[in-house]
Amino acid sequence: MPHPMSVELENVTVTYQEKVALHGVNLSLKSGSIVGLLGMNGSGKSTLFKTIMGFIRPRIGRVQIEGLPISVAQKRGLVAYLPQTEQVDWQFPVSVYDVVMMGRYGYMNVLRLPRPVDRRMVQESLQRVEMWALRNRPIGELSGGQKKRAFLARALAQQAKILLLDEPFNGVDVKTERAIIQLLMELRNLGQTILVSSHDLVSISTFCDQVIFINQTILAYGATAEVFTPENLTRTFGGILPPLPWRGDV
Amino acid sequence: MGLIHGLTAPLQYEFMVKALVLSGLVGVVCGVLSCYLTLKGWALLGDAVAHSVTPGVVLAYVLHIPLAVGAFVFGVGSVLIIGWIQSQTRLKEDTVIGLVFTGLFALGLVLISKTPSNVDFLHILFGNLLGIATPDMIQTVGIGCLTLVVVFVLKNDLLLFCFDPTHARSIGIDITRLYYILLTLVSLTIVVALQAVGIILVVAMLITPGATAYLLTDRFDRMLMLAMLCGLGAAVLGTYLSYYWDAATGGCIVLMQTLWFLLAMGLAPKYGVGRRV
């Protein structure tokens, strides 16, 4: 029996009140790959994320995670989502440790009392992103990069097989960006699937195994070396091209 | 000796013992809930629910069913109506909230004025801690304890719901359910608290302790403890004050709450105004 695809979308169409946000999307993401998601604002990147998370039900088509329906995948904590940082109330009275522990809730009983295994996973995850020393700090006192790392640690503690990162490098210093990319590559080598949206085309092209170009539908999808071409970039972004990697190289 | 006598002397009256027990419980229950309301930004919604229960309480009285049932139906109903109007019109949420709760409160006032024995209803508006009847007391204690148990079982889920509902959803936690649970808890707490301070001041009990505690700590567990202590302290001291001054009990309790808040605002080590001087 063949191993199921990590993320599989079949002919997915999503509409918001009769307005089509995505149509005819077919996508099969393999385990152990980093996939870049490129598109302009309003091209359907967030919609695609929300569809994979199961927050939006497609009008037509089917989504499967590791061969399972989304509701089952959610219960098993298979998918972790790193939102853009602005979406959380940073004045909330919780510490870094508390936030990472929230990644373990799905494994706990109804009282959500941490067991030793949960504490160990939280510690390992925080050490992995080099945030263990800051574990007791209120989240509001973190820098942009530290906030990102804390939420990445939560995804690690959740032991998700699939990581969805929405613009993870926004407001993050170069050192943190490199550290995050390094970590993503390690996770990829451990068999995790990573889907990352960004408009930083330069860095996307350097660490992603595959790239998806999106504008209401999939314009191109394949190995970075094959599809990361000027033609596809022009089709995706129209005339307003962001800085391109090869302009400096050639 | 004077202080101890002052605290113990009123305890020879059964009504004072009942009032102190009840106000203490109300203070604790409201204190716990107020943490979630403050963090979720539901202060206005809490006020709306509190006012909206008025017609429910009057109708329950007329129909001889438990007041809590009437209050609960109208409390949750008001939020459903708010959501429905919002989805049907282009109005903003706070406009719709203001519209719905004043409408329902007005309906409650009209019903009160058209119902023969309207003495009881003034107690609903302003509270009647010192004159509470035993059946009401039992009902109030029962609902208060139930609310406390539910909050403590779901403490972390509700926290996650307030902090990051997206993550909650992504790990398969039903946030619609949590929304209605929190809403139900707020409605039940209002039923409990209106016996003590009345509908008009209930919202103070549901906001002030949480706001006070929020200025004092960055840890949620401590915030819960502090809010419970603020609520308990204000309720008990307020009841004594009202006994000695012969003043409105609800007013005294809420004044104590406000006093705690002003103290915290002035003196809180990290978030107080005083730290800048």
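The structure presented is a predicted model; accordingly, all values stated were derived computationally and were not measured.

A. Spatial organisation of the sheet that holds strand 9 (residues 218-223) of chain A. Residues and elements named next belong to chain A. Across the sheet, 6 strands lie side by side as 5-6-7-3-8-9; this open sheet has mixed pairing. The sheet is open, and its two borders are formed by strand 5 (79-82) and strand 9, each paired with just one other strand. Pairs of neighbouring strands in the sheet enclose a mean axial angle of 15 degrees, with direction left out of account. In the sheet, strand 5 pairs with strand 6 (residues 162-166) via 4 bridges, with the strands oriented parallel. Its bridge partner lying in strand 6, Tyr81 is registered against Leu164. Running over the sheet, helix 1 (residues 45-53) touches strand 3 (33-38), strand 5, strand 6, strand 7 (193-197) and strand 8 (210-214) and is turned about 150 degrees from strand 6. Helix 6 (residues 174-189) rests against strand 3, strand 6 and strand 7 of the sheet, and its axis sits at about 130 degrees to strand 3.

B. How the structure looks around a nonpolar patch on the surface. Residue and element names in this part refer to chain B. A cluster of nonpolar side chains, contributed by Leu59, Tyr61, Val62, Leu63, Ile65, Val69 and Val73, occupies part of the molecular surface with about 570 Å² of accessible area. A per-element tally of the nonpolar patch places helix 3 (residues 43-63) first, with 4 residues. Along the polypeptide, Val69 turns up in helix 4 (residues 67-88).

C. Expanded view of the environment of Tyr240 of chain B. Residues and elements named next belong to chain B. Looking at where Tyr240 falls in the secondary structure, it is placed in helix 12 (residues 220-245). A residue is classified by how much of its surface remains accessible, and Tyr240, at 11% relative accessible area, is buried. Here the alpha-carbon distance between Tyr240 and Ile199, two residues 41 residues apart in the chain, equals 21 Å. Contacts of Tyr240, omitting those with residues within four sequence positions, involve Gly6, Leu7, Pro10, Leu11, Met16 and Leu20.

D. Representation of empty space enclosed by the protein in the model. Using the criterion set out here, one finds 2 cavities of 30 Å³ or more in the structure. Considered as a void within the structure, the second largest cavity measures approximately 30 Å³ in volume. Around the second largest cavity, the lining residues are Ala80, Tyr81, Leu82, Phe151, Arg154, Ala155 and Gln158 of chain A together with His167 of chain B. The set of elements that each furnish at least two residues to the lining of the second largest cavity consists of strand 5 and helix 5 (144-157) of chain A.

E. Expanded view of the packing of aromatic side chains. Counting across every chain of the model gives 12 aromatic pairs over all chains. A centroid spacing of 5.6 Å and a plane angle of 80 degrees characterise the contact between Trp90 of chain A and Phe151 of chain A, whose relative ring orientation is edge-to-face. Linking Trp90 of chain A in the loop between strand 5 and helix 3 (96-101) with Phe151 of chain A in helix 5, this pair joins segments that are 61 residues apart in sequence. Under the relative-accessibility criterion, Phe151 of chain A is labelled buried at 6%. Judged by centre distance (5.0 Å) and plane angle (85 degrees), the ring pair of Tyr243 of chain B and Tyr244 of chain B falls under edge-to-face.

F. The environment of Met121 of chain A, seen in detail. Residue and element names in this part refer to chain A. Position of Met121 among the secondary structure elements: in helix 4 (residues 116-128). A residue is classified by how much of its surface remains accessible, and Met121, at 15% relative accessible area, is buried. Each C-alpha atom of the pair Met121 and Arg154 lies 9.7 Å from the other, and the pair is 33 residues apart in sequence. The residues touching Met121, leaving out its near neighbours within four places in the chain, are Arg104, Leu156, Ala157 and Gln159.

Quick notes on the rules
- Residues numbered from 1 in each chain as written.
- Chains lettered and ligands numbered in written order.
- Predicted model: local features only at pLDDT ≥ 70, side-chain atom pairs only at ≥ 80, totals over all residues.
- Heavy atoms only, no water.
- Pairing = 2+ DSSP bridges.
- Helix = DSSP H or I, 4+ residues; strand = E, 2+ residues; numbered from the N terminus.
- Axes fitted to C-alpha atoms, helices over the stretch in contact; angles between N-to-C directions.
- Contact = heavy atoms within 4.5 Å.
- Patch = residues over 30% accessible without salt bridge, like charges linked within 9 Å, V, L, I, M, F, W, Y side chains within 5 Å.
- Areas by Shrake-Rupley, 256 points an atom, 1.4 Å probe, with all protein chains shown as cover.
- Salt bridge = Lys/Arg side-chain N within 4 Å of Asp/Glu carboxyl O.
- Buried < 20%, exposed > 50% of the residue type's maximum accessible area, 1.4 Å probe, protein only.
- 1 Å grid on protein atoms, 1.4 Å probe; cavity = no way out; pocket = protein on both sides within 12 Å on 5 of 7 lines; lining within 4 Å.
- Points joined across faces, edges and corners; volume = space filled by probe spheres on them.
- Phe/Tyr/Trp six-rings, centres within 6.5 Å; stacked < 30°, edge-to-face > 60°.

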